Amino acid sequence: MTGPERPVERILVVGAGAMGSQISMLCALAGYRTEVFDVSPQQYEAALQALRPRLAGMVEKGRLREEDSEAAFARLSFVADLDDGAQHADLVIEAATERLEVKQDIFRRLGMAAPAHTILTSNSSTLASSHLAAASERPELLCNMHFFNPALHMECVEVVRNPNTSDATVETVLQLARSLGKKPVLVRREVPGFIANRLMGALQKEALGLLAAGVATMEDIDTTARTALNHPMGPFELMDFVGLDVVNFISEAAYGETGNPDDAPDPQVSALVQAGKLGRKSGEGWYRYP
Ligand SMILES: NC(=O)c1ccc[n+]([C@@H]2O[C@H](COP(=O)([O-])OP(=O)(O)OC[C@H]3O[C@@H](n4cnc5c(N)ncnc54)[C@H](O)[C@@H]3O)[C@@H](O)[C@H]2O)c1
């Protein structure tokens, strides 16, 4: 059987960082034989060290059985060579560093090494898959599969089709996301930020505008989002959680693509980033995290 009608049994995840490690564990937990490739082999041990306590926590809370956790780790393996991993895969989820030339090189190699039926997806937040179509030489088997951080827990997956993605590819990727326990949404056309980051960007923009105009403090803006809109976090808290460098990067990418000054990075956020205040991960952003 060729093409995406073939059932997905083996998955290759490219990149074992914050996203790739959890995405690969999601696949292993759902029963897929999962291989992971990273250019930095030390990432493998780091990924395992991050995953073990997370799964132990799930077992402790009764959300996962001990034997299922062990079986998932047994289904997960690391490969030393991208081409080797690609040769066995029915579907690839690329979660490598967010740089176009890095991803184009990966998709060029995947396009050559993977079997003809293999679907190629990218978890990129800002690079739509049409940027990778020429490199992969299989645009109909290509789309974005955008997970959210932390991927083990966040339910949304945005499946973003490029103008050439086939209906069968879309259906297979939606089905895969459901089988991972996610609630996928379909983005029918490539737009910067897809759905979630656009919604988040709109709320952040308004919050930053209110703060800059002195209308309210950031604490009161966050409180309003939580208590009036029922958001679990206010926009400033969320920016600190995501990372202010990431927030800035998403704006830069959108601005680079649209040229619309409304999409340009906010100077208040840029100033914090320049001062090394990146949010929770650096101990300080809008708020302090002692
Ligand atoms: N962090 C988030 O909140 C988030 C959320 C959704 C999507 N994403 C997307 O996920 C992707 C990865 O982000 P991350 O936060 O996991 O980054 P990360 O820096 O934690 O991990 C990236 C990994 O890619 C590896 N890598 C670099 N070049 C490679 C190559 N040529 N082949 C294989 N591996 C390579 C690095 O060694 C690193 O381990 C990016 O495209 C990003 O846009 C990130």
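Residues numbered from 1 in each chain as written. Predicted model: local features only at pLDDT ≥ 70, side-chain atom pairs only at ≥ 80, totals over all residues. Heavy atoms only, no water.

Around the ligand, the surrounding shell holds 23 residues, and the nearest of these are Met 19, Asp 38, Glu 98, Lys 103 and Asn 123. Take Asn 149: an N or O atom from its side chain is 3.3 Å from an oxygen atom of the ligand. Taken by itself the ligand offers 830 Å² of open surface, and the protein chains cover 78% of this. Mapped by element, the contributors of at least two residues to the shell around the ligand are helix H1 (18–29), helix H5 (100–113) and strand S6 (142–147). Of the residues forming the shell around the ligand, the biggest block, 3 residues, is contributed by H5. Tallied by class, the residues present in the shell around the ligand amount to 10 nonpolar, 10 polar and 3 charged. (Near = heavy atom within 4 Å. Polar contact = N/O pair within 3.5 Å; in protein donor to acceptor, adjacent residues only side chain to side chain. Areas by Shrake-Rupley, 256 points an atom, 1.4 Å probe, with all protein chains shown as cover. Helix = DSSP H or I, 4+ residues; strand = E, 2+ residues; numbered from the N terminus. Nonpolar A, V, L, I, M, F, W, Y, C, P; charged D, E, K, R; others polar.)

A word on the environment of Gly 283. With respect to the secondary-structure elements, Gly 283 resides in the segment after helix H12 (267–274). Here the alpha-carbon distance between Gly 283 and Asp 240, two residues 43 residues apart in the chain, equals 9.5 Å. With sequence-adjacent residues up to four places away left out, Gly 283 is seen in contact with Arg 288 and Tyr 289. (Contact = heavy atoms within 4.5 Å.)

So, on to the sheet that holds strand S2 (residues 33–37). The mixed open sheet is built from 8 strands, whose spatial order is S3-S2-S1-S4-S5-S6-S7-S8. Each having just a single partner strand, strand S3 (76–79) and strand S8 (183–187) make up the two edges of the open sheet. The average undirected angle you get between the axes of adjacent strands in this sheet is 25 degrees. Summarising the sheet, strand S1 (residues 10–14) and S2 pair through 5 bridges and their orientation is parallel. (Pairing = 2+ DSSP bridges. Axes fitted to C-alpha atoms, helices over the stretch in contact; angles between N-to-C directions.)

Another aspect to go through is the packing of helix H11 (residues 244–258) against H12. Across the interface, H11 lies against H12 with an axial gap of 9 Å and an inter-helix angle of 135 degrees. On the basis of their axis angle, the class for H11 and H12 is oblique. In terms of crossing hand, the pair formed by H11 and H12 is left-handed. Contacts between H11 and H12 pair Leu 244, Asp 245, Val 247 and Asn 248 from the former with Val 269, Ser 270, Leu 272 and Val 273 from the latter. Class assignment for the residues of the contact of H11 with H12 results in 5 nonpolar, 2 polar and 1 charged. (Parallel < 35°, antiparallel > 145°, perpendicular 65-115°, else oblique. Left-handed = near helix turned anticlockwise from the far one by under 90°.)

Here we take up the nonpolar core. Judged by nonpolar contacts, the single largest core of 56 residues is most densely connected at Leu 12, Ile 23, Leu 110, Met 145 and Phe 147. Once you skip the residues sitting within four places of it in the chain, Met 145 turns out to touch Ile 93, Thr 121, Ser 122, Asn 123, Val 157, Glu 158, Val 173, Leu 176, Ala 177 and Leu 180. (Core = buried A, V, L, I, M, F, W, Y, C linked by side-chain atoms within 4.5 Å. Buried < 20%, exposed > 50% of the residue type's maximum accessible area, 1.4 Å probe, protein only.)

This part is about the packing of aromatic side chains. Applying the stated criterion to the full structure yields 2 aromatic pairs. The interplanar angle of 80 degrees and the centroid separation of 4.9 Å between the aromatic rings of Phe 236 and Trp 286 together place this pair among those described as edge-to-face. One end of the pair, Phe 236, is in helix H10 (residues 235–242); the other, Trp 286, is in the segment after H12, and 50 residues separate them in sequence. Given the relative accessible area of 0%, Phe 236 is considered buried. (Phe/Tyr/Trp six-rings, centres within 6.5 Å; stacked < 30°, edge-to-face > 60°.)

Considered domain by domain, the protein is made up of domain 1 (10–187) and domain 2 (196–281). Computed from C-alpha atoms alone, the centre-to-centre distance between domain 1 and domain 2 is 28 Å. At the junction of the two partners, domain 1 supplies 8 residues and domain 2 supplies 7 residues. Buried area between domain 1 and domain 2, summed over both chains or domains, comes out near 500 Å², and the portion from carbon and sulfur atoms is 60%. On the surface where domain 1 and domain 2 come into contact, there are 0 salt bridges. Where domain 1 packs against domain 2, one counts 1 residue pair in polar contact (both at pLDDT 80 or more). Residues belonging to the side of domain 1 that touches domain 2 are distributed by class as follows: 1 nonpolar, 5 polar and 2 charged. (Domains from an automatic or database assignment. Buried area = accessible area lost by both parts, 1.4 Å probe. Salt bridge = Lys/Arg side-chain N within 4 Å of Asp/Glu carboxyl O.)

With that settled, consider the layout of surface pockets. Approximately 530 Å³ is the volume found for the second largest pocket. Lining the second largest pocket are 23 residues; nearest its centre among them are Gly 201, Lys 205, Ser 251, Asp 262 and Asp 263. Every element with two or more residues in the lining of the second largest pocket is listed here: helix H8 (196–212) and H11. The biggest single contributor to the lining of the second largest pocket is H8, with 8 residues. Looking at the lining of the second largest pocket, its residues break down into 11 nonpolar, 7 polar and 5 charged. (1 Å grid on protein atoms, 1.4 Å probe; cavity = no way out; pocket = protein on both sides within 12 Å on 5 of 7 lines; lining within 4 Å. Points joined across faces, edges and corners; volume = space filled by probe spheres on them.)

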